[in-house]
Each structure stands twice: as C-alpha cells, then as structure tokens.
Amino acid sequence: MKKIVTVRGITIGEGIPKICVPLVGQTLEELKEEAKHVNTIDVDLVEWRVDFFNDIEEIEKVIEALSEIRAYLKDKPLIFTFRSAKEGGERELISLEYMHLNKRIAETGLVDIIDIELFNKESEVKSLIEFAHSQNVFVILSNHDFEKTPAKEEIVTRLRKAQELGGDLPKIAVMPSSAADVLTLLEATNSMKEQYPDQPIITMSMAGKGVISRLSGELFGSALTFGAAKKSSAPGQIDVKELRKVLSLLHNNL
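- Looking at an unreviewed UniProt entry, the protein chain carries the name 3-dehydroquinate dehydratase, with the source organism given as Bacillus xiapuensis.
- Within the UniProt record for the protein chain, the comment given under Subunit (unreviewed entry) is "Homodimer."
- What UniProt records for the protein chain under Catalytic activity (unreviewed entry) is the sentence "3-dehydroquinate = 3-dehydroshikimate + H2O".

Structure, rendered in structure tokens:
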C-alpha cells in the first residue's frame, strides 16, 4: 500500500498534487515580504531556499530568519532547502557545514521537512535522515540534473535509491531537450507509481518544455509540484493561481 506523508494537516500522496512555493529572498526583509505574500495566495507548502540567503554562513542568523518566517507562515508546512551549486543552487558548502546546518535546523522545531541531496556521501545521507526523523522532521531526498534527462531506467534507479535510504519523499528534477525527454520523465514517474509505490514521489521536467510535468502529477504519480509566487527558484515554475486552476481542472476530469 502506498504511504502518505501528512504534515500540519496537508496530506502528500493522495488526491490533487500539493503546491509548494519557494522563498528566495537574499535578506531578512525580502524574506519577510515573501512570507507575508504567501499568506495571501492558495498554497499548501512553502520552501525556504536558504542558499539564496546572504547570511547563510552565520547559522544563528539563519535560525533568526527562520523564526521570523515561521511566525509569518503560522501553520503552513515549511521545507528547509540548501540547494548546492552543483545541483542548480546558488552556492556550495563543504560536507561538514552542510551536515551541521541541516542538523541544527532540524532540531529547532521550526521546519517540517528538510531537503537532502541524494548524491552526498551515503553514510552522511543516512546519518542526516536518521537525525531528522529523531526530531520528527520528514526528508525529501532529492536529485537535480540541469544538463540532461537521464534514461528512464536511471531515473527509476535514483528514485528507488532514495526510497532505500529512507527518504520520505524521493524527488528528481531533470532538464529536457525535447518532447521525448519529457515523456521519459513521465514514463519513469508512472513506473514508480505502478511498481514501487512505497512513498509519495516528486518528479518534474524543467523549463518550458517540461511544464506539462508540473501539471499532470495526479495522473502520472508525482505528489507535489512547485509554483512561483513573486519569484521562481527553478526554470519552468508557473504562477500559483494558474497552477491551481489547471490542477483542479485535471482532477475534476479524472
């Protein structure tokens, strides 16, 4: 039986894919403005992309900003994500800093989910997942390929690896160069849904060609999609209002 992930009353893994929007402010003031705006639109979850934050290297300032964000978001589920430059993010942290940052944040009680990148050292990934779970924090175990779309079998292999390591929400985002690449991502997603429905998964084909993958998750098997509020964090994210309309339209006709 397919598991679901329920966070602050939001159920990921059944029904309409849930909508998440990113906060990408570089300063605390920008983040506060974004967080205020999120409360005026129809979204299910919020992701803080902390790699955009100017003071990322001062962990106490990160926690201070996180407290402010949490206060504005109230009961909305919050994902904490440091996206490395090698996977499309704004900067890099050495391994020990990455581990320390995520563990400190998990133990604050201010976030509901942390995003851990799959292609870190396996022992460190396992350690982070175990620690997050000990703090009642869920884990997105993610992989992003901004260069290409791997073969269907490779996409499935990466998602299966994320399952095996204990990720609550395996995630993959790939870059298409053709319509065939988008179909590859959708076929891999559907294979996971049909053959390995152990956890809800998150998949997407990026940029304009891949927009259909952000809309059709309920049919093919992706449980969460990312939309843009004021600013996007990845190519292909569309406005939240339009995203909600299309997801509802598809849901009502399935």
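What follows continues from the structure just given.
**A few points about the overall build of the protein chain**
Here is step 1: Counting its regular elements, the protein chain contains nine helices and 10 strands.
Here is step 2: For 254 residues, the compact-globule estimate of 2.2 N^0.38 gives 18 Å, and the C-alpha radius of gyration of the protein chain, at 17 Å, lies within 12% of that figure.
Here is step 3: In terms of overall dimensions, the protein chain has C-alpha extents of about 45 × 40 × 35 Å along its principal axes.
Here is step 4: Split into buried and exposed, the 254 residues of the protein chain put 55% on the buried side.
Here is step 5: Within the protein chain, counting contacts between residues at least 6 apart in sequence, those at least 24 apart form 73% of the total.

**A few points about the packing of aromatic side chains**
Here is step 1: Scanning all chains against the criterion turns up three aromatic pairs.
Here is step 2: Arranged with centres 5.8 Å apart and planes meeting at 80°, the rings of Trp48 and Phe80 form a pair that is edge-to-face. Of this pair, Trp48 sits in strand β4 (residues 45-49) while Phe80 sits in strand β5 (residues 78-81), and the two are 32 residues apart along the sequence.
Here is step 3: On the accessibility criterion, Trp48 (0% relative accessible area) is buried.
Here is step 4: Ring plane angle 75° and centroid distance 6.2 Å describe the contact between Phe82 and Tyr98, whose orientation is recorded as edge-to-face.

**Brief notes about the sheet that holds strand β7 (residues 138-145)**
Here is step 1: An order of β9-β8-β7-β6-β5-β4-β3-β10 is seen for the eight strands of this open sheet, with the pairing classed as parallel. A strand with exactly one partner marks an edge of an open sheet, and here the two such strands are β9 (202-205) and β10 (224-226). For this sheet the average axis-to-axis angle between neighbouring strands, irrespective of direction, equals 25°.
Here is step 2: Sheet topology places strand β8 (residues 169-174) next to β9; four bridges connect them, and they run parallel. Counted as the bridge partner of Val174 is Ser205 from β9.

**With respect to the UniProt feature "binding site: 3-dehydroquinate" (unreviewed entry) in the protein chain**
Here is step 1: UniProt's entry tags Glu47, Trp48, Arg49, Arg83, Arg214, Ser233 and Gln237 with the feature "binding site: 3-dehydroquinate" (unreviewed entry), counted in the numbering of this structure.
Here is step 2: Mapped onto the elements of the fold, Gln237 is located in the loop between β10 and α9 (240-252).
Here is step 3: Judged by its relative accessible area of 13%, Gln237 is buried.

**Here's the deal with the environment of Glu97**
Here is step 1: Residue position: Glu97 is located in helix α3 (residues 95-106).
Here is step 2: Each C-alpha atom, one on Glu97 and one on Glu57, is 8.8 Å from the other, the two residues being 40 residues apart in sequence.

About the criteria used
- Residues numbered from 1 in each chain as written.
- Predicted model: local features only at pLDDT ≥ 70, side-chain atom pairs only at ≥ 80, totals over all residues.
- Heavy atoms only, no water.
- UniProt positions renumbered as here; feature names shortened; annotations may be inferred.
- Helix = DSSP H or I, 4+ residues; strand = E, 2+ residues; numbered from the N terminus.
- Rg over C-alpha atoms; globule rule 2.2 N^0.38 Å.
- Buried < 20%, exposed > 50% of the residue type's maximum accessible area, 1.4 Å probe, protein only.
- Contact = heavy atoms within 4.5 Å.
- Phe/Tyr/Trp six-rings, centres within 6.5 Å; stacked < 30°, edge-to-face > 60°.
- Pairing = 2+ DSSP bridges.
- Axes fitted to C-alpha atoms, helices over the stretch in contact; angles between N-to-C directions.

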